[in-house]
Amino acid sequence: MKSSEKYAVTYAYTFQTSSDDDEDMTETVTDMAASVRAVEELLNYKFKNKMLLEEALTHSSYTDSASYQRLEFVGDAALGLAVSNYVFLAYPDLDPGQLSLLRAANISTEKLARVAVRHGLHKYVRHNAAALHDKVRDFATAVGQEDETEVYGGAIKAPKVLADIVESVAAAVYVDCGFDLQALWVKDGKHVDIRHWRKGEKNIASVYVDGQFAASACSDQKENAKLHAARAALRKLSYKASEKIGGDIIGEVNGSTTKIESAKQKLHELCGRKRWPKPNYRIEKEIGPAHDRRFICSVQIEIAEAVLFVTGDEKSRVKEAENSAASLMLLGLQGS
(Lines give C-alpha, C1' and ligand atoms only; values in the text may rest on other atoms or scores of the structure.)
Protein backbone atom coordinates (compact mmCIF):
# COMPACT_ATOMS: atom_id res chain seq x y z
CA MET A 1 0.00 0.00 0.00
CA LYS A 2 1.37 3.41 -0.94
CA SER A 3 2.03 5.80 1.90
CA SER A 4 0.20 8.62 0.12
CA GLU A 5 -3.06 6.70 0.50
CA LYS A 6 -2.80 6.95 4.26
CA TYR A 7 -1.49 10.46 4.71
CA ALA A 8 -3.98 13.21 5.43
CA VAL A 9 -3.93 16.67 6.95
CA THR A 10 -6.61 18.73 8.63
CA TYR A 11 -5.92 22.45 8.70
CA ALA A 12 -6.68 24.25 11.88
CA TYR A 13 -7.52 27.57 10.28
CA THR A 14 -10.99 28.33 9.02
CA PHE A 15 -9.99 31.53 7.22
CA GLN A 16 -7.24 30.85 4.68
CA THR A 17 -5.98 34.37 4.02
CA SER A 18 -2.69 36.18 3.65
CA SER A 19 -1.10 38.11 6.51
CA ASP A 20 1.86 40.41 7.01
CA ASP A 21 4.26 39.00 9.59
CA ASP A 22 5.90 42.38 10.05
CA GLU A 23 2.62 44.12 10.81
CA ASP A 24 2.28 45.83 14.20
CA MET A 25 0.38 43.32 16.31
CA THR A 26 -0.86 45.98 18.74
CA GLU A 27 -2.22 48.48 16.22
CA THR A 28 -5.99 48.96 16.38
CA VAL A 29 -8.49 50.30 13.86
CA THR A 30 -11.28 52.27 15.53
CA ASP A 31 -13.33 53.47 12.53
CA MET A 32 -16.05 50.86 11.92
CA ALA A 33 -16.44 51.60 8.20
CA ALA A 34 -12.69 51.10 7.74
CA SER A 35 -12.86 47.95 9.84
CA VAL A 36 -15.63 46.51 7.67
CA ARG A 37 -13.67 47.21 4.49
CA ALA A 38 -10.50 45.72 5.96
CA VAL A 39 -12.22 42.52 7.16
CA GLU A 40 -14.05 42.10 3.84
CA GLU A 41 -10.68 42.26 2.10
CA LEU A 42 -9.23 39.84 4.63
CA LEU A 43 -12.04 37.34 4.03
CA ASN A 44 -12.21 37.94 0.28
CA TYR A 45 -15.98 38.30 0.76
CA LYS A 46 -18.26 41.31 0.19
CA PHE A 47 -21.22 41.48 2.58
CA LYS A 48 -24.68 42.15 1.24
CA ASN A 49 -25.67 43.28 4.74
CA LYS A 50 -22.66 45.07 6.22
CA MET A 51 -24.50 45.55 9.53
CA LEU A 52 -23.94 41.84 10.16
CA LEU A 53 -20.18 42.34 10.08
CA GLU A 54 -20.43 45.46 12.25
CA GLU A 55 -22.35 43.43 14.81
CA ALA A 56 -19.84 40.57 14.56
CA LEU A 57 -17.01 42.97 15.47
CA THR A 58 -18.77 44.61 18.43
CA HIS A 59 -18.11 43.51 22.03
CA SER A 60 -20.87 43.72 24.63
CA SER A 61 -18.99 46.51 26.46
CA TYR A 62 -19.84 48.80 23.53
CA THR A 63 -23.43 49.66 24.42
CA ASP A 64 -24.33 51.85 21.45
CA SER A 65 -24.78 48.86 19.14
CA ALA A 66 -25.82 45.21 19.22
CA SER A 67 -22.95 42.91 20.25
CA TYR A 68 -21.65 39.78 18.59
CA GLN A 69 -23.15 37.42 21.19
CA ARG A 70 -26.03 36.12 19.05
CA LEU A 71 -23.78 35.66 16.04
CA GLU A 72 -21.19 33.91 18.19
CA PHE A 73 -23.88 31.39 19.17
CA VAL A 74 -24.53 30.61 15.49
CA GLY A 75 -20.85 30.67 14.55
CA ASP A 76 -19.91 28.13 17.20
CA ALA A 77 -22.41 25.66 15.71
CA ALA A 78 -21.61 26.51 12.07
CA LEU A 79 -17.85 26.07 12.48
CA GLY A 80 -18.41 22.86 14.43
CA LEU A 81 -20.56 21.47 11.62
CA ALA A 82 -18.20 22.64 8.87
CA VAL A 83 -15.19 21.02 10.55
CA SER A 84 -17.25 17.89 11.30
CA ASN A 85 -18.14 17.60 7.61
CA TYR A 86 -14.50 18.01 6.63
CA VAL A 87 -13.01 15.42 8.99
CA PHE A 88 -15.84 12.97 8.22
CA LEU A 89 -14.98 13.09 4.51
CA ALA A 90 -11.20 13.34 4.91
CA TYR A 91 -10.82 10.50 7.44
CA PRO A 92 -13.22 7.68 6.50
CA ASP A 93 -11.45 5.13 8.73
CA LEU A 94 -11.53 7.08 12.02
CA ASP A 95 -14.00 6.24 14.75
CA PRO A 96 -16.29 8.89 16.34
CA GLY A 97 -13.93 9.43 19.26
CA GLN A 98 -11.01 10.23 16.99
CA LEU A 99 -13.16 12.48 14.82
CA SER A 100 -14.27 14.35 17.95
CA LEU A 101 -10.64 14.90 18.96
CA LEU A 102 -9.80 16.27 15.51
CA ARG A 103 -12.77 18.62 15.58
CA ALA A 104 -11.98 19.83 19.10
CA ALA A 105 -8.33 20.44 18.21
CA ASN A 106 -9.32 22.62 15.28
CA ILE A 107 -11.93 24.81 16.99
CA SER A 108 -10.50 25.20 20.50
CA THR A 109 -10.37 28.67 22.09
CA GLU A 110 -6.57 28.67 21.80
CA LYS A 111 -6.59 27.79 18.09
CA LEU A 112 -9.32 30.28 17.16
CA ALA A 113 -7.66 33.05 19.17
CA ARG A 114 -4.44 32.47 17.25
CA VAL A 115 -6.40 32.60 13.99
CA ALA A 116 -7.69 36.02 15.04
CA VAL A 117 -4.18 37.28 15.80
CA ARG A 118 -2.57 35.66 12.78
CA HIS A 119 -4.93 37.46 10.42
CA GLY A 120 -5.26 40.69 12.40
CA LEU A 121 -8.94 40.34 13.35
CA HIS A 122 -8.12 41.50 16.88
CA LYS A 123 -7.45 45.02 15.56
CA TYR A 124 -11.07 45.50 14.49
CA VAL A 125 -12.94 44.66 17.71
CA ARG A 126 -15.14 47.58 18.85
CA HIS A 127 -15.35 47.77 22.66
CA ASN A 128 -15.20 50.03 25.72
CA ALA A 129 -13.14 47.86 28.08
CA ALA A 130 -9.57 48.84 28.92
CA ALA A 131 -8.86 45.48 30.57
CA LEU A 132 -9.97 43.62 27.44
CA HIS A 133 -7.70 45.79 25.30
CA ASP A 134 -4.73 45.03 27.55
CA LYS A 135 -5.36 41.26 27.49
CA VAL A 136 -5.67 41.18 23.71
CA ARG A 137 -2.59 43.37 23.27
CA ASP A 138 -0.47 41.23 25.60
CA PHE A 139 -1.56 37.99 23.94
CA ALA A 140 -0.98 39.34 20.42
CA THR A 141 2.45 40.62 21.40
CA ALA A 142 3.38 37.28 22.99
CA VAL A 143 2.28 35.36 19.90
CA GLY A 144 4.25 37.71 17.66
CA GLN A 145 7.42 37.11 19.72
CA GLU A 146 7.26 33.30 19.60
CA ASP A 147 10.06 31.69 17.60
CA GLU A 148 7.65 28.92 16.55
CA THR A 149 3.91 28.53 17.04
CA GLU A 150 3.03 26.95 20.37
CA VAL A 151 0.67 24.01 19.94
CA TYR A 152 -0.81 23.79 23.42
CA GLY A 153 -0.65 27.45 24.39
CA GLY A 154 2.07 29.99 24.94
CA ALA A 155 3.14 32.14 27.85
CA ILE A 156 -0.18 34.05 28.00
CA LYS A 157 -3.65 32.51 28.08
CA ALA A 158 -5.69 33.20 24.96
CA PRO A 159 -8.48 35.74 25.62
CA LYS A 160 -11.85 34.18 24.84
CA VAL A 161 -12.95 37.36 23.05
CA LEU A 162 -10.60 36.51 20.17
CA ALA A 163 -12.14 33.08 19.64
CA ASP A 164 -15.59 34.69 19.95
CA ILE A 165 -14.73 37.15 17.16
CA VAL A 166 -13.69 34.35 14.79
CA GLU A 167 -16.96 32.54 15.49
CA SER A 168 -19.09 35.68 15.12
CA VAL A 169 -17.41 36.70 11.85
CA ALA A 170 -17.90 33.18 10.51
CA ALA A 171 -21.57 33.41 11.51
CA ALA A 172 -21.91 36.79 9.79
CA VAL A 173 -20.70 35.22 6.54
CA TYR A 174 -22.95 32.18 7.10
CA VAL A 175 -26.05 34.33 7.63
CA ASP A 176 -25.18 36.80 4.86
CA CYS A 177 -24.81 34.02 2.26
CA GLY A 178 -28.21 32.56 3.11
CA PHE A 179 -27.07 29.93 5.62
CA ASP A 180 -25.05 28.14 2.94
CA LEU A 181 -22.49 25.98 4.75
CA GLN A 182 -20.60 25.25 1.54
CA ALA A 183 -20.19 28.97 0.88
CA LEU A 184 -18.88 29.43 4.43
CA TRP A 185 -16.35 26.61 4.09
CA VAL A 186 -14.29 28.03 1.23
CA LYS A 187 -10.85 26.37 1.17
CA ASP A 188 -8.07 28.82 0.29
CA GLY A 189 -10.61 31.18 -1.28
CA LYS A 190 -11.53 28.65 -3.99
CA HIS A 191 -14.87 28.09 -5.72
CA VAL A 192 -16.04 24.48 -5.52
CA ASP A 193 -18.56 23.02 -7.96
CA ILE A 194 -19.90 19.43 -7.94
CA ARG A 195 -21.40 18.26 -11.24
CA HIS A 196 -23.48 15.09 -11.61
CA TRP A 197 -24.71 13.00 -14.54
CA ARG A 198 -25.75 9.44 -15.32
CA LYS A 199 -24.00 6.97 -17.59
CA GLY A 200 -26.07 3.84 -18.03
CA GLU A 201 -26.92 2.60 -14.56
CA LYS A 202 -24.12 4.51 -12.89
CA ASN A 203 -24.20 7.95 -11.25
CA ILE A 204 -21.05 9.97 -11.87
CA ALA A 205 -19.98 13.07 -9.92
CA SER A 206 -17.02 15.35 -10.61
CA VAL A 207 -15.59 18.09 -8.40
CA TYR A 208 -14.19 21.27 -9.97
CA VAL A 209 -12.13 23.78 -7.97
CA ASP A 210 -11.95 27.26 -9.51
CA GLY A 211 -13.17 25.70 -12.74
CA GLN A 212 -10.40 23.08 -12.80
CA PHE A 213 -11.14 19.36 -12.50
CA ALA A 214 -10.13 17.97 -9.09
CA ALA A 215 -11.64 14.49 -8.71
CA SER A 216 -14.41 12.19 -9.91
CA ALA A 217 -16.29 9.15 -8.58
CA CYS A 218 -19.20 6.90 -9.51
CA SER A 219 -21.79 4.91 -7.59
CA ASP A 220 -25.19 3.29 -7.99
CA GLN A 221 -26.62 6.16 -5.92
CA LYS A 222 -26.35 9.85 -6.78
CA GLU A 223 -25.51 11.09 -3.28
CA ASN A 224 -22.85 8.41 -2.77
CA ALA A 225 -21.18 9.45 -6.01
CA LYS A 226 -21.07 13.06 -4.81
CA LEU A 227 -19.76 11.99 -1.40
CA HIS A 228 -16.95 9.87 -2.87
CA ALA A 229 -15.96 12.61 -5.32
CA ALA A 230 -15.90 15.23 -2.55
CA ARG A 231 -13.79 12.94 -0.35
CA ALA A 232 -11.27 12.40 -3.17
CA ALA A 233 -11.09 16.14 -3.86
CA LEU A 234 -10.54 16.96 -0.18
CA ARG A 235 -7.68 14.50 0.01
CA LYS A 236 -6.13 15.92 -3.13
CA LEU A 237 -6.38 19.47 -1.78
CA SER A 238 -4.95 18.34 1.58
CA TYR A 239 -1.89 16.85 -0.12
CA LYS A 240 -1.29 20.06 -2.08
CA ALA A 241 -1.71 22.22 1.02
CA SER A 242 0.66 20.02 3.01
CA GLU A 243 3.55 20.99 0.71
CA LYS A 244 4.15 23.92 3.07
CA ILE A 245 4.78 21.48 5.91
CA GLY A 246 6.71 18.91 3.88
CA GLY A 247 8.92 21.48 2.21
CA ASP A 248 9.94 22.93 5.55
CA ILE A 249 11.21 19.64 6.94
CA ILE A 250 12.24 17.71 3.84
CA GLY A 251 15.89 18.29 4.60
CA GLU A 252 15.44 16.80 8.06
CA VAL A 253 13.80 13.52 7.03
CA ASN A 254 16.00 10.60 6.03
CA GLY A 255 13.59 9.71 3.20
CA SER A 256 12.99 6.21 1.95
CA THR A 257 16.36 5.02 3.27
CA THR A 258 15.00 5.09 6.81
CA LYS A 259 14.85 1.54 8.14
CA ILE A 260 11.42 0.60 9.48
CA GLU A 261 12.89 -0.71 12.75
CA SER A 262 14.37 2.73 13.52
CA ALA A 263 11.44 4.81 12.22
CA LYS A 264 9.99 5.58 15.67
CA GLN A 265 13.32 6.96 16.81
CA LYS A 266 13.71 9.01 13.63
CA LEU A 267 10.22 10.46 14.00
CA HIS A 268 10.84 11.21 17.69
CA GLU A 269 14.06 13.04 16.83
CA LEU A 270 12.34 15.00 14.08
CA CYS A 271 9.56 16.12 16.44
CA GLY A 272 12.20 17.19 18.95
CA ARG A 273 14.03 19.30 16.38
CA LYS A 274 10.80 20.90 15.18
CA ARG A 275 9.60 21.43 18.78
CA TRP A 276 6.45 19.45 17.96
CA PRO A 277 4.67 17.35 20.63
CA LYS A 278 5.70 13.71 20.87
CA PRO A 279 4.01 11.34 18.40
CA ASN A 280 0.95 9.58 19.81
CA TYR A 281 0.72 5.86 18.92
CA ARG A 282 -2.42 3.77 19.14
CA ILE A 283 -3.43 0.18 18.33
CA GLU A 284 -6.16 0.53 15.71
CA LYS A 285 -6.90 -3.16 15.13
CA GLU A 286 -5.97 -6.60 16.50
CA ILE A 287 -6.30 -9.46 14.04
CA GLY A 288 -6.31 -13.25 14.52
CA PRO A 289 -6.29 -15.63 17.53
CA ALA A 290 -4.19 -15.01 20.62
CA HIS A 291 -1.38 -17.36 19.52
CA ASP A 292 -1.11 -15.64 16.13
CA ARG A 293 -2.18 -12.07 16.89
CA ARG A 294 -1.31 -9.31 14.43
CA PHE A 295 -1.57 -5.56 14.96
CA ILE A 296 -2.26 -2.39 12.99
CA CYS A 297 -1.13 0.80 14.71
CA SER A 298 -1.54 4.49 13.95
CA VAL A 299 0.54 7.55 14.80
CA GLN A 300 -0.76 11.08 15.24
CA ILE A 301 1.09 14.39 15.60
CA GLU A 302 -0.77 17.61 16.38
CA ILE A 303 1.19 20.59 15.11
CA ALA A 304 0.23 24.22 14.63
CA GLU A 305 -0.69 23.93 10.95
CA ALA A 306 -2.35 20.53 11.00
CA VAL A 307 -3.18 17.26 12.70
CA LEU A 308 -1.14 14.55 10.97
CA PHE A 309 -2.52 11.00 11.13
CA VAL A 310 -1.18 7.83 9.52
CA THR A 311 -2.11 4.14 9.87
CA GLY A 312 0.67 1.57 9.43
CA ASP A 313 0.73 -1.91 7.95
CA GLU A 314 -0.26 -5.14 9.69
CA LYS A 315 2.57 -6.57 11.83
CA SER A 316 3.05 -9.46 14.26
CA ARG A 317 4.27 -7.25 17.12
CA VAL A 318 3.01 -3.92 18.45
CA LYS A 319 6.46 -2.34 18.27
CA GLU A 320 6.81 -3.38 14.62
CA ALA A 321 3.33 -2.00 13.86
CA GLU A 322 4.25 1.32 15.50
CA ASN A 323 7.49 1.48 13.50
CA SER A 324 5.50 0.82 10.34
CA ALA A 325 3.19 3.75 11.10
CA ALA A 326 6.17 5.99 11.93
CA SER A 327 7.92 5.01 8.70
CA LEU A 328 4.84 5.89 6.64
CA MET A 329 4.51 9.20 8.52
CA LEU A 330 8.11 10.08 7.61
CA LEU A 331 7.57 9.09 4.00
CA GLY A 332 4.33 11.04 3.92
CA LEU A 333 5.99 14.18 5.26
CA GLN A 334 8.70 13.92 2.65
CA GLY A 335 6.55 12.76 -0.26
CA SER A 336 3.80 15.33 0.27
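Worth saying up front: this structure is predicted, and the values here are computed from it rather than measured. (Residues numbered from 1 in each chain as written. Predicted model: local features only at pLDDT ≥ 70, side-chain atom pairs only at ≥ 80, totals over all residues. Heavy atoms only, no water.)

Visitor: So, the pattern of salt bridges: which residues are in play, and what are the values?
Guide: Under the counting rule described, the total for this entry stands at 13 salt bridges. For the salt bridge of Glu40 with Lys50, the shortest nitrogen-to-oxygen distance reads 2.6 Å. Here the residue Glu40 occupies a position in helix H1 (residues 32–43), and Lys50 occupies one in helix H2 (residues 50–56), the gap between them amounting to 10 residues. Exposure remark for Glu40: the relative accessible area of 3% places this residue in the buried category. Judged by relative accessible area, which is 38%, Lys50 ranks as partly exposed. A salt bridge links Lys202 to Asp220; the nearest nitrogen and oxygen atoms lie 3.1 Å apart. Of this pair, Lys202 sits in strand E3 (residues 202–209) while Asp220 sits in the loop between strand E4 (212–219) and helix H9 (222–241), placing them 18 residues apart in sequence. Given a relative accessible area of 55%, Asp220 falls into the exposed group. Through salt bridges with shared partners, a single network forms among Glu40, Lys46 and Lys50. (Salt bridge = Lys/Arg side-chain N within 4 Å of Asp/Glu carboxyl O. Helix = DSSP H or I, 4+ residues; strand = E, 2+ residues; numbered from the N terminus. Buried < 20%, exposed > 50% of the residue type's maximum accessible area, 1.4 Å probe, protein only.)

Visitor: Explain H1 residue by residue, including any values.
Guide: One turn of the α-helix equals 3.6 residues, which is why residues spaced by three or four share an orientation. For H1, built from 12 residues, the straight-helix expectation of 16 Å at 1.5 Å per residue is met to within 8% by its first-to-last C-alpha distance of 16 Å. The set of residues buried in H1 consists of Met32, Ser35, Val36, Val39, Glu40, Leu42 and Leu43. One face of H1 carries all of its buried residues, which in axial projection span an arc of 160 degrees. Those residues of H1 that are exposed and aimed more than 90 degrees away from the buried face are Arg37 and Glu41. (Expected span 1.5 Å × (residues − 1). Arc of directions from axis to C-beta.)

Visitor: Hey, could you go over helix H11 (residues 263–274) for me, with residue numbers and the actual values?
Guide: The end-to-end C-alpha separation of H11 is 16 Å, in line with the 16 Å expected for 12 residues at 1.5 Å each. Those residues of H11 not exposed but buried are Ala263, Leu267, Leu270, Cys271 and Lys274. The arc that holds every buried residue of H11, seen down its axis, measures 100 degrees, which confines them to one face.

Visitor: Before we move on, could you go through the pairing of E4 and cite the residues and values that matter?
Guide: Here E3 pairs with E4 via seven bridges, running antiparallel. What sits directly across from Val207, in E4, is Ala215. Here E3 hands over to E4 after two residues, with Asp210 in that stretch at a positive phi of 55 degrees. (Pairing = 2+ DSSP bridges.)

Visitor: How would you explain the nonpolar core if you had to name every residue and give the values?
Guide: Proteins that are soluble and globular tend to have nonpolar side chains buried together. Judged by nonpolar contacts, the single largest core of 42 residues is most densely connected at Val39, Leu53, Leu57, Leu162, Ile165 and Val169. The residues touching Ile165, leaving out its near neighbours within four places in the chain, are Ala56, Leu57, Tyr68, Leu121 and Val125. The next biggest cluster of nonpolar side chains, apart from the first, holds 17 residues, and it includes Leu267, Cys271, Ile303 and Leu328. (Core = buried A, V, L, I, M, F, W, Y, C linked by side-chain atoms within 4.5 Å. Contact = heavy atoms within 4.5 Å.)

Visitor: Tell me about the environment of Val117, and please be specific about residues and values.
Guide: Along the chain, Val117 turns up in helix H5 (residues 109–118). For the pair Val117 and Ala140, spaced 23 residues apart in sequence, the C-alpha to C-alpha distance is 6.0 Å.

Visitor: Can you explain unusual backbone geometry? Please cite residues and give values.
Guide: One non-glycine residue with positive phi stands out, namely Asn44, at about 55 degrees. Take Asn44: it is sitting in the loop between H1 and H2.

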